[in-house]
Number of protein chains: 2
Amino acid sequence: MSERMSRRKVFGLGAAGVAAAGAGAIAARSLVQEPPVAHATTSDPFPFYGEHQAGIVTPAQDRLHFVAFDVTTGSRAELVDLLQEWTAAAARLTQGKEAGSFGAAGGSPEAAPDDTGEALGLPASGLTLTIGFGPSLFDRRFGLAARRPPALADLPKFPGERLIPELSGGDLCVQACAHDPQVAVHAIRNLARIGFGKVSVRWSQLGFGRTSSTSRAQVTPRNLMGFKDGTNNMKLEDAALLRDQLWAAAPDGADWMAGGTYLVTRKIRMTIETWDRTSLREQEEIFGRDKVKGAPVGKQNEFDPVDLAAMKPDAHVRLAHPSGHGNAHLLRRGYNYVDGSDGLGRLDAGLFFIAYQRDPRKQFVPIQMALARTDPLNEYIKHISSGLFACPPGVRDAGDYWGRGLFG
Amino acid sequence: MSERMSRRKVFGLGAAGVAAAGAGAIAARSLVQEPPVAHATTSDPFPFYGEHQAGIVTPAQDRLHFVAFDVTTGSRAELVDLLQEWTAAAARLTQGKEAGSFGAAGGSPEAAPDDTGEALGLPASGLTLTIGFGPSLFDRRFGLAARRPPALADLPKFPGERLIPELSGGDLCVQACAHDPQVAVHAIRNLARIGFGKVSVRWSQLGFGRTSSTSRAQVTPRNLMGFKDGTNNMKLEDAALLRDQLWAAAPDGADWMAGGTYLVTRKIRMTIETWDRTSLREQEEIFGRDKVKGAPVGKQNEFDPVDLAAMKPDAHVRLAHPSGHGNAHLLRRGYNYVDGSDGLGRLDAGLFFIAYQRDPRKQFVPIQMALARTDPLNEYIKHISSGLFACPPGVRDAGDYWGRGLFG
């Protein structure tokens, strides 16, 4: 480990993407694949091929379109065909090309275009596409039951959650992140188009977060409660931590997942109108941080070390802190959402929480159980959707495809 | 008129914002207020005070949050108080400040903050806030019936529309446009917060369109059918046209609306999955334009003059063309939307159509009636929400407020 740490220093990068499996060649490629800092321009594409999927340690883009699909075909061969078609399309889309040849070649007038066209002329905009496989994919339909990873264990029921079944779960998911929502939407929409007759959209969520053009002014983005969110996120420059807590490895019990990771999504509706009438003191005590600066209780600045003892026992930061959960971290990558209004005079708004981790049983589950039981924030939030997905390792090259290790 | 045209040329600007009422001083101020070209940076604020409201001829920002409110107080005095409070907040928000003093001054710990905080540290991001008054505001509650403008006549029923009443209408609306959705959402959310107990959110819509960082690559943005949308929009550099067809004037029948304009919104759901399986030939014949370039039928380039006779009689461009409606133009300012999925395996997506005009009876209504009757595009779209609002003239200075001419 110290060897890899020093290699990282040799590369001169305080960097994300220093990967699990060993050899120097692979580590070097990973460093090239996943830039550790924000893009120079929002137009530069991220590489599609690599040891890990992009969109996980990739610096969070501004916009999200997340979709969960139900597989409607019962044919394993058709599903594999689809994953191959999707992979080819994703390799093109993430590089700023159309899903098919339509834009460049014009297209046959008698056929439906093989790209829907709304991103013609737009650059890649930092698009990443990240696929995941839900627990329901491992039922009897496709003969995958024996290959279900132990870490893909169904989440327990959490106190207070009010999950809407139609907005939860899914056989497959794709996370599209980009600096331009039109580009993210275009990618998801074309994957759905390609999947016509084999998959159908189960649920879908748009989100927004930081804005690249302005993110220099606001390093840690704020959630819709007005607090900085992500100050104590998993540190992408900590290679040992990523290896221990982000990337799955063969000994975890599913060799096809080595280099992959597990994704938990939670749609967390906020009753922002009630929150907005809560005093500043109560808001800050609930979070355990100062609202303007984000400094933890008793400290001056956002990144000062937290003093848990100075906080109320049920402060959010204290309840979620790794020290209370066997040093369990999460790589959070959530986005704010507003879905219009709720018909009761309120905005339908909140956080679409996204967390990547090596094993939800040891990470998301204990942390969320502690929060669900005692976090006073629960008075202002409600979990209404939940998703759990195994995100396979990256696609190595043009001969590989999403999930080949699982189906091959 | 030729005088004003030449003055415009003297100013050297092919410009928006050349205003209705006469004197040179006013015309010059308008030119200063509303930059004719995209911002140098996305951080520069647009002026709030002026003859016209911003957000109308302002070059379209990237993101939209549109909200319609019901007034829940029966007190005219309370409503006027609210409009004054909103105006003061809007003057601050559009300049990149918080809605109240919270951010700068910290705020009393025992009170709820007078700003919700999620835009702390973000720049103005080109935010504009534009208010409108719906027909229902002119019922008996506030004694305004006699002041209802003739041009604010209820829209007729259009063939094929499937309006959802709860997503339509509204006593008041506010259009927030910005380059950053967090900034647009923050503004609407704070107006709703300030209005607590006096108004409630009736419906609300997020939208996206062009992206400033990429708009140089795609001058005319594309709708979710993949076609360029807005090629033949009202020309902002045509001062005579704006005076004739955009800005209301005192002789129109409501003197308090002079310098204002009328807004029609339509939420147009697209069945994009069906559209995506339609041949390129049929798609292009329906629109009357080439999909890749946007060139009209028989022409080579997007901005070539249209040859209506070369198109099918029911091509969209031909049906909507001003020549068929007494030379009626609309200033369109719509945004694409995706609201997740519809529970039937499809994306819930389309166009949130926004059009400003001097008199909907002579502009939107005849154009939409022609489209609703015969446009083959109707097979792929459905109007599900409708809004009609009188947008008063701009706020002149800090002593003025939104709607003073109506209530004063």
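Residues numbered from 1 in each chain as written. Chains lettered and ligands numbered in written order. Predicted model: local features only at pLDDT ≥ 70, side-chain atom pairs only at ≥ 80, totals over all residues. Heavy atoms only, no water.

**Student:** Explain the overall build of chain A to me, please; I cannot follow it from the model alone.
**Tutor:** For chain A, the count of helices and strands is 11 helices and nine strands. In chain A, which comprises 408 residues, the proportion classed as buried is 59%. Only carbon and sulfur atoms are counted for the fraction: they give 54% of the accessible area of chain A, which is about 14700 Å². (Helix = DSSP H or I, 4+ residues; strand = E, 2+ residues; numbered from the N terminus. Buried < 20%, exposed > 50% of the residue type's maximum accessible area, 1.4 Å probe, protein only. Areas by Shrake-Rupley, 256 points an atom, 1.4 Å probe, with all protein chains shown as cover.)

**Student:** Would you explain the interface of chain A and chain B in this entry?
**Tutor:** In many reports, interface size means the accessible area that the parts give up when they come together. With 65 residues of chain A at the interface, the matching set in chain B holds 65 residues. Buried surface at the junction of chain A and chain B, both sides included, amounts to about 5200 Å², of which 59% is carbon and sulfur. In terms of surface lost to chain B, no three residues of chain A exceed R189(A), D276(A) and L280(A), which account for 11% of the buried area on that side. Taken together, chain A and chain B are joined by four salt bridges. Residue D276(A) is joined to R189(B) by a salt bridge in which the shortest nitrogen-to-oxygen separation is 2.7 Å. Of all the elements in the fold, those that place two or more residues in the side of chain A that touches chain B are strand 1 (63–71), helix 4 (102–105), helix 5 (181–194), strand 4 (199–208), helix 7 (272–275), helix 8 (280–287) and strand 7 (335–341) of chain A. For the side of chain A that touches chain B, the element with the highest residue contribution is strand 4 of chain A, accounting for seven residues. Across the side of chain A that touches chain B, the residue classes tally to 24 nonpolar, 28 polar and 13 charged. (Contact = heavy atoms within 4.5 Å. Buried area = accessible area lost by both parts, 1.4 Å probe. Salt bridge = Lys/Arg side-chain N within 4 Å of Asp/Glu carboxyl O. Nonpolar A, V, L, I, M, F, W, Y, C, P; charged D, E, K, R; others polar.)

**Student:** What is the right way to look at the packing of helix 3 (residues 76–93) of chain A against helix 5 of chain A in this model?
**Tutor:** Axes are the key here: two packed helices are described by the angle between their axes and the distance separating the axes. Residue and element names in this part refer to chain A. For the pair helix 3 and helix 5, interaxial distance at closest approach is 10 Å and the crossing angle is 155 degrees. Judged on the interaxial angle alone, helix 5 and helix 3 are roughly antiparallel. Here helix 3 runs over helix 5; the crossing is right-handed. On helix 5, the residues touching L82, E85, W86, A89 and L93 of helix 3 are H186, A187, L191 and I194. The residue makeup of the contact of helix 3 with helix 5, split by class, is seven nonpolar, one polar and one charged. (Axes fitted to C-alpha atoms, helices over the stretch in contact; angles between N-to-C directions. Parallel < 35°, antiparallel > 145°, perpendicular 65-115°, else oblique. Left-handed = near helix turned anticlockwise from the far one by under 90°.)

**Student:** What exactly am I supposed to notice about the relation of the copies chain A and chain B here?
**Tutor:** The operation relating the pair of chain copies consists of a rotation about an axis and a translation along that axis. Expressed as a screw operation, the relation of chain A to chain B combines 0.0 Å of axial shift with a rotation of 180 degrees, fitting to an RMSD of 0.0 Å. Classification of the inter-copy transformation places it as that of a two-fold axis. Closest to the rotation axis within chain A is the C-alpha of D339(A), separated from it by 3.3 Å. Interface overlap between copies: 100% of the residues of chain A at the interface are likewise at the interface in chain B, consistent with a symmetric, same-surface contact. (Least-squares fit on C-alpha atoms with pLDDT ≥ 70 in both.)

**Student:** Could you clarify how one ought to interpret the side chain of Q175(A) in this entry?
**Tutor:** Residues and elements named next belong to chain A. Relative to the helices and strands, Q175 resides in strand 3 (residues 172–178). At a separation of 2.7 Å, a polar atom in the side chain of Q175 contacts the side chain of Y356. Once residues lying within four places of it in the same chain are set aside, the contact partners of Q175 are G55, L64, H65, F66, T128, L129, T130, R333, I354 and Y356. (Polar contact = N/O pair within 3.5 Å; in protein donor to acceptor, adjacent residues only side chain to side chain.)

**Student:** Looking at this model, I keep getting lost on the UniProt feature "domain: Dyp-type peroxidase C-terminal" (unreviewed entry) in chain A. Mind explaining?
**Tutor:** Those residues carrying the UniProt feature "domain: Dyp-type peroxidase C-terminal" (unreviewed entry) are residues 220–395 of chain A in this numbering. In residues 220–395 of chain A, the share of helix is 20% and the share of strand is 23%. The end C-alpha atoms are 31 Å apart. (UniProt positions renumbered as here; feature names shortened; annotations may be inferred.)

**Student:** Quick question: what am I supposed to make of the packing of aromatic side chains here?
**Tutor:** Following the criterion strictly, the structure yields 32 aromatic pairs over all chains and no others. Aromatic side chains W275(A) and F287(A) sit 5.9 Å apart centroid to centroid with 85 degrees between the ring planes, which places their arrangement in the edge-to-face category. With a gap of 12 residues between them, W275(A) in helix 7 and F287(A) in helix 8 connect regions that are remote in the sequence. One exposure class covers both W275(A) and F287(A), and it is buried. A cation over an aromatic ring shows up here: K267(B) above the ring of Y337(B), its NZ or CZ 4.7 Å from the ring centre. (Phe/Tyr/Trp six-rings, centres within 6.5 Å; stacked < 30°, edge-to-face > 60°. Lys NZ or Arg CZ within 6 Å of the ring centre and 35° of its normal.)

**Student:** Looking at this model, I keep getting lost on the side chain of D171(A). Mind explaining?
**Tutor:** Relative to the assigned elements, D171(A) resides in the loop between strand 2 (128–133) and strand 3. A polar contact of 2.9 Å, which involves the side chain of D171(A), links it to the side chain of R141(A).

**Student:** Even after reading the chapter, I still don't get the pattern of salt bridges, so can you show me in this structure?
**Tutor:** For side chains of opposite charge, pairing can occur when their charged atoms come near one another. All names here are of chain A. One pass over the full model with this rule turns up 40 salt bridges over all chains. Residue D359 is joined to R361 by a salt bridge in which the shortest nitrogen-to-oxygen separation is 2.8 Å. Taking the relative accessible area as the measure of exposure, D359 reaches 8% and is therefore buried. A network of salt bridges, in which partner residues are shared, links R269, D342, R346 and D348.

**Student:** Would you mind showing me how to read the pairing of strand 2 (residues 128–133) of chain B here?
**Tutor:** In regular strands, side chains alternate between the two faces of the sheet. Residue and element names in this part refer to chain B. For strand 2, the tally of buried residues reaches six of six residues, placing the bulk of the element in the interior. Burial along strand 2 is two-sided: T128, T130 and G132 and L129, I131 and F133, pointing in opposite directions, are all buried. Bridging between strand 2 and strand 3 (residues 172–178) involves six bridges; their strand directions are antiparallel. The residue bridging T128 from the neighbouring strand is C177, located in strand 3. (Pairing = 2+ DSSP bridges.)

**Student:** Help me understand the environment of H179(A) in this model?
**Tutor:** Residues and elements named next belong to chain A. Its location among the elements puts H179 in the loop between strand 3 and helix 5. Its relative accessible area of 11% is what places H179 among the buried residues. Taking the C-alpha atoms as reference, H179 lies 4.7 Å from D62; in sequence the two are 117 residues apart.

**Student:** What is the right way to read helix 8 (residues 280–287) of chain B from this model?
**Tutor:** Residues that lie three or four places apart on an α-helix share one face, since the helix turns once every 3.6 residues. All of the buried residues along helix 8 of chain B are L280(B), Q283(B), E284(B), I286(B) and F287(B). End-on view of helix 8 of chain B: buried residues confined to an arc of 160 degrees, all on one side of the axis. Buried positions along helix 8 of chain B lie against helix 4 of chain A together with helix 7 (272–275) and helix 9 (316–320) of chain B. Positive phi shows up at G288(B), right after helix 8 of chain B, with a value of about 85 degrees. (Arc of directions from axis to C-beta.)

**Student:** I keep staring at the environment of S125(A) and nothing clicks. Help me out?
**Tutor:** Residue and element names in this part refer to chain A. Position of S125 among the secondary structure elements: in the loop between helix 4 and strand 2. Under the relative-accessibility criterion, S125 is labelled buried at 1%. Taking C-alpha positions, S125 is 24 Å from D339, a pair spaced 214 residues apart along the chain. There is a polar contact of 3.1 Å between the side chain of S125 and the backbone oxygen of P123.

**Student:** Help me understand unusual backbone geometry in this model?
**Tutor:** A negative phi angle is the norm for most residues apart from glycine, just as the trans form is the norm for most peptide bonds. All names here are of chain B. Non-glycine residue S125 carries a positive phi angle of around 55 degrees. Even without a glycine there, the phi angle at N327 is positive, about 65 degrees. Relative to the elements of secondary structure, N327 occurs in the loop between helix 9 and strand 6 (331–332). Accessibility expressed as a relative area gives 42% for N327, which makes it partly exposed.

**Student:** How should the confidence of the model for chain A be read in this particular structure?
**Tutor:** Reading fine detail from the predicted coordinates is not recommended where pLDDT is low. All names here are of chain A. When pLDDT is averaged along chain A, the result is 88, and 87% of the positions lie at 70 or above. In this model residues 1–40 is a low-confidence stretch, pLDDT under 50, and it forms 74 contacts with partners more than four residues away in sequence or in other chains. Confidence drops under a pLDDT of 50 for residues 212–217, and excluding neighbours within four residues, the segment shows 11 contacts in the predicted structure. Our summary of model confidence lists the complex with pTM equal to 0.89 and ipTM equal to 0.88. (pLDDT = per-residue confidence, 0-100.)

**Student:** I'm lost on the state of the cysteines in this one. Help?
**Tutor:** Note on terminology: disulfide describes a covalent bond linking the sulfur atoms of two cysteines. All names here are of chain B. In the structure shown here, the tally under the stated rule is zero disulfides over all chains. The thiol of C173 is not disulfide-bonded; the next cysteine sulfur, from C391, is found 5.4 Å away. Residue classification places C173 among the buried residues on the basis of a relative accessible area of 0%. (Disulfide = S-S within 2.5 Å.)

**Student:** What exactly am I supposed to notice about helix 8 of chain A here?
**Tutor:** Regarding helix 8 of chain A, the residues found buried are L280(A), Q283(A), I286(A) and F287(A). Buried-residue contacts for helix 8 of chain A involve helix 7 and helix 9 (316–320) of chain A together with helix 4 (102–105) of chain B.

**Student:** Even after reading the chapter, I still don't get the environment of S323(A), so can you show me in this structure?
**Tutor:** All names here are of chain A. With respect to the helices, strands and loops of the structure, S323 is situated in the loop between helix 9 and strand 6 (331–332). Taking the C-alpha atoms as reference points, S323 and L308, 15 residues apart in sequence, are found 9.8 Å from one another. One polar contact links S323 to H321, side chain to side chain, over a distance of 2.8 Å.

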